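# Descriptive structure summary
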Amino acid sequence: ETGVTQSPTHLIKTRGQQVTLRCSSQSGHNTVSWYQQALGQGPQFIFQYYREEENGRGNFPPRFSGLQFPNYSSELNVNALELDDSALYLCASSSGHSTSYNEQFFGPGTRLTVL
Amino acid sequence: AQSVAQPEDQVNVAEGNPLTVKCTYSVSGNPYLFWYVQYPNRGLQFLLKYITGDNLVKGSYGFEAEFNKSQTSFHLKKPSALVSDSALYFCAVRDPDNYGQNFVFGPGTRLSVLP
């Protein structure tokens, strides 16, 4: 059984650019959630995908968008990058939809730096 | 809306002593509660969860937590701390009646176990 993997590990972009982060969910999991963790803070929920449909979204603007593929892997896209987007982006997978009591399994994260 | 508070930014404890990391929550219905640990440059690792039933739940690495509904608390405990327990600890809540809302994490508590 493989765990949650994310790529790339680190990324440096400049303001205004676009970025795509990738996540492979743990085997058997059909739900992927994305979180933003700024330095010194707890993870903040961005959105969740369940069986390829977005079924929950946090307080993030539309320039944050995502996809989930038939194999349940996922992408997070951020357009028009801002300096405040610099953070650790975490992907988590689980089984079941957003009201499930199943715990989420997190990947190691992608460290995004916006200059 | 659900929320989580971790009133202590930092907890220091001597190796071998008992430790407690505090968490209080706010949710409209009956909560699902979770504890995660984060080591430097790593994703979050699941420790334990409370869904229903016995108020004392046991988890990984000798950790346990006690759910107290009247005090809306879910404090993490360990009878004897190890230096290797030093890390960042996050409490999280999920409201099963609030479809589309995901985990809400607290700001984190940094635990330092001193040899």
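In this report, we go over the structure that sits alongside the text. Just so it is clear, the structure is predicted and the values come from calculations on it, not from any experiment.

Reading the values: the criteria
- Residues numbered from 1 in each chain as written.
- Chains lettered and ligands numbered in written order.
- Predicted model: local features only at pLDDT ≥ 70, side-chain atom pairs only at ≥ 80, totals over all residues.
- Heavy atoms only, no water.
- Helix = DSSP H or I, 4+ residues; strand = E, 2+ residues; numbered from the N terminus.
- Rg over C-alpha atoms; globule rule 2.2 N^0.38 Å.
- Buried < 20%, exposed > 50% of the residue type's maximum accessible area, 1.4 Å probe, protein only.
- Contact = heavy atoms within 4.5 Å.
- Buried area = accessible area lost by both parts, 1.4 Å probe.
- Salt bridge = Lys/Arg side-chain N within 4 Å of Asp/Glu carboxyl O.
- Polar contact = N/O pair within 3.5 Å; in protein donor to acceptor, adjacent residues only side chain to side chain.
- Pairing = 2+ DSSP bridges.
- Axes fitted to C-alpha atoms, helices over the stretch in contact; angles between N-to-C directions.
- Phe/Tyr/Trp six-rings, centres within 6.5 Å; stacked < 30°, edge-to-face > 60°.
- Disulfide = S-S within 2.5 Å.

### Let's talk about the overall build of chain B
In terms of regular secondary structure, chain B is built from 0 helices and 12 strands. Listed N to C, the secondary structure of chain B is β-β-β-β-β-β-β-β-β-β-β-β in terms of helices and strands. The C-alpha radius of gyration computed for chain B amounts to 14 Å, which stays within 12% of the reference 13 Å derived for 115 residues, consistent with globular compactness. When its C-alpha atoms are laid out on the principal axes, chain B stretches across 45 × 30 × 20 Å. Counting over 115 residues, chain B shows a buried share of 47%. In chain B, once contacts between residues fewer than 6 apart in sequence are set aside, the share between residues at least 24 apart is 57%.

### Comments concerning the interface of chain A and chain B
Note: interface size is frequently given as the accessible area lost on complex formation between the parts. Contact residues are listed per partner, giving 25 residues for chain A and 22 residues for chain B. Taken together, the two surfaces of chain A and chain B that pack against each other cover about 1,900 Å², and 52% of this comes from carbon and sulfur. Taken together, the connections running from chain A to chain B amount to 1 salt bridge. Between the two partners, chain A and chain B, sit 3 residue pairs in polar contact (both at pLDDT 80 or more).

### A few points about the sheet that holds strand S8 (residues 74-78) of chain A
All names here are of chain A. The 4 strands lie next to each other as S1-S3-S8-S7, forming an open sheet whose pairing is antiparallel. Only two strands of the sheet have a single neighbouring strand rather than two, namely strand S1 (5-7) and strand S7 (64-68). Pairs of neighbouring strands in the sheet enclose a mean axial angle of 20 degrees, with direction left out of account. Looking at chain direction, S1 and strand S3 (residues 19-24) are connected through 3 bridges and run antiparallel. Bridging from a neighbouring strand, serine 7 pairs with arginine 22 of S3.

### Some words on the pairing of strand S4 (residues 31-37) of chain A
Residue and element names in this part refer to chain A. Here S4 lies mainly inside the structure; 7 of its 7 residues are buried. Burial along S4 is two-sided: the face carrying Thr31, Ser33, Tyr35 and Gln37 and the face carrying Val32, Trp34 and Gln36 are both buried. Two elements, S4 and strand S5 (residues 44-50), share 6 bridges in a ladder whose sense is antiparallel. Pairing of tryptophan 34 across the sheet is with phenylalanine 47, part of S5.

### Comments concerning the packing of aromatic side chains
Residue and element names in this part refer to chain B. One pass over the full model with this rule turns up 17 aromatic pairs over all chains. A centroid spacing of 5.8 Å and a plane angle of 55 degrees characterise the contact between tyrosine 36 and phenylalanine 105, whose relative ring orientation is tilted. Of the two residues, tyrosine 36 sits in strand S5 (residues 32-38) while phenylalanine 105 sits in strand S11 (residues 104-105), which places them 69 residues apart along the sequence. Like tyrosine 36, the residue phenylalanine 105 is buried in the burial classification.

### Quick look at the pattern of salt bridges
Residue and element names in this part refer to chain A. Taken as a whole and judged by the stated rule, the model has 8 salt bridges over all chains. Glutamate 54 is the salt-bridge partner of arginine 57, the closest N and O atoms lying 3.5 Å from each other. The class for arginine 57 is partly exposed, based on a relative accessible area of 26%. The closest approach of N and O atoms between arginine 63 and glutamate 82, which form a salt bridge, is 3.3 Å. One end of the pair, arginine 63, is in the loop between strand S6 (53-57) and S7; the other, glutamate 82, is in the loop between S8 and strand S9 (87-94), with 19 residues separating them in the sequence.

### Some words on the side chain of glutamate 64 of chain B
Residue and element names in this part refer to chain B. With respect to the helices, strands and loops of the structure, glutamate 64 is situated in strand S8 (residues 64-68). On the accessibility criterion, glutamate 64 (17% relative accessible area) is buried. Engagement of the side chain of glutamate 64 in a polar contact is seen with the side chain of lysine 58, the distance being 2.8 Å.

### Things to note about the state of the cysteines
As enumerated under the stated definition, the model contains 2 disulfides over all chains in all. Note on cysteine connectivity: cysteine 23 of chain A is disulfide-linked to cysteine 91 of chain A, with sulfurs 1.8 Å apart. An S-S torsion of about -60 degrees defines the bridge between cysteine 23 of chain A and cysteine 91 of chain A as left-handed. Residue cysteine 23 of chain A is located in strand S3, and its partner cysteine 91 of chain A is located in strand S9; the two are separated by 68 residues in the primary sequence. Here cysteine 23 of chain B engages in a disulfide with cysteine 91 of chain B; their sulfurs sit 2.0 Å apart.

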